[in-house]
Amino acid sequence: MPKIYILHLQKNGITDDTTRANTLTALVAQESAKIIPTNYTLNDIHIAPSESKDSIRFYGNTISLLLQKVATKNDIENELKSINSYTQTKNTSDLSFIIKNKNNLDILIQKVLNISVPPSAVAYHILFLNRLALYRDTLDNISKADTDPVRSLVGADKYVDVVVLAIRTLPQFSTYFNNKNIVFSAKDAGYVFTTGYTNTN
């Protein structure tokens, strides 16, 4: 059982293992039900009145730069270090990277919202936005460990699944551009969507 759960229960005088387990199940269920995820729809994005191969390629080069800023190896490593460190020390300063990246995602989401989206890419764009929002909301929940430990644990429990979803967005975009027969050269930012592309960074 995670230490943060145990501390929360000890503060409330709950020390029996069976009672702990039942209480935690109820707490997590209640907290999960209260968390309303951010959800973006067609009304939140800028849809272009028409599209062409050139406009789709331009969109690909633009969105790829933003996609590559999501859940980088460095981000994931630092977020996990922050979570693990806080679990050991209960020092809120250990969550500083979580808060920093949550703020970075706020900025990134705004940039994605401002992009002109080809009509055929709308579903992919909204999917990307909502996965970004889920990632951002998860980090926000985790950052509340000091004031709302149960909510923070709900976020921590979902962290891995949320990150995996964010990472899987890139190949889904690759499928979209491939279906549209959009070819990116090695000099294009959108080259990351090319089948067989390998990130050497």
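Conventions used here
Residues numbered from 1 in each chain as written. Predicted model: local features only at pLDDT ≥ 70, side-chain atom pairs only at ≥ 80, totals over all residues. Heavy atoms only, no water. Helix = DSSP H or I, 4+ residues; strand = E, 2+ residues; numbered from the N terminus. Buried < 20%, exposed > 50% of the residue type's maximum accessible area, 1.4 Å probe, protein only. Contact = heavy atoms within 4.5 Å. pLDDT = per-residue confidence, 0-100. Phe/Tyr/Trp six-rings, centres within 6.5 Å; stacked < 30°, edge-to-face > 60°.

Here we take up the overall build of the protein chain. When you go through the protein chain residue by residue, the secondary structure sums to 8 helices and 2 strands. Ordered by position in the sequence, the α and β elements of the protein chain form the string α-α-β-α-α-α-β-α-α-α. Residues counted as buried form 41% of the 201 residues belonging to the protein chain. Considering only contacts within the protein chain whose residues lie at least 6 apart along the sequence, 75% involve residues at least 24 apart.

Let us now look at the confidence of the model for the protein chain. Summarising the model, the protein chain shows a mean pLDDT of 86, and 81% of its residues fall at 70 or more. Between the elements of the protein chain, mean pLDDT differs from a low of 55, seen in helix α1 (residues 3-11), to a high of 98, seen in strand β2 (residues 116-117).

It is worth spelling out the packing of aromatic side chains at this point. Evaluated as defined, the whole model comprises 11 aromatic pairs. On the numbers, 6.2 Å between centres and 20° between planes, the contact of Phe-173 with Phe-177 is stacked. Linking Phe-173 with Phe-177, this pair stays in helix α8 (residues 169-179), spanning 4 residues, or about one helical turn. Here the two residues Phe-173 and Phe-177 agree in accessibility, since each one is buried. A ring pair is formed by Phe-173 and Phe-193, whose centres lie 6.0 Å apart and whose planes are at 45°; its orientation type is tilted.

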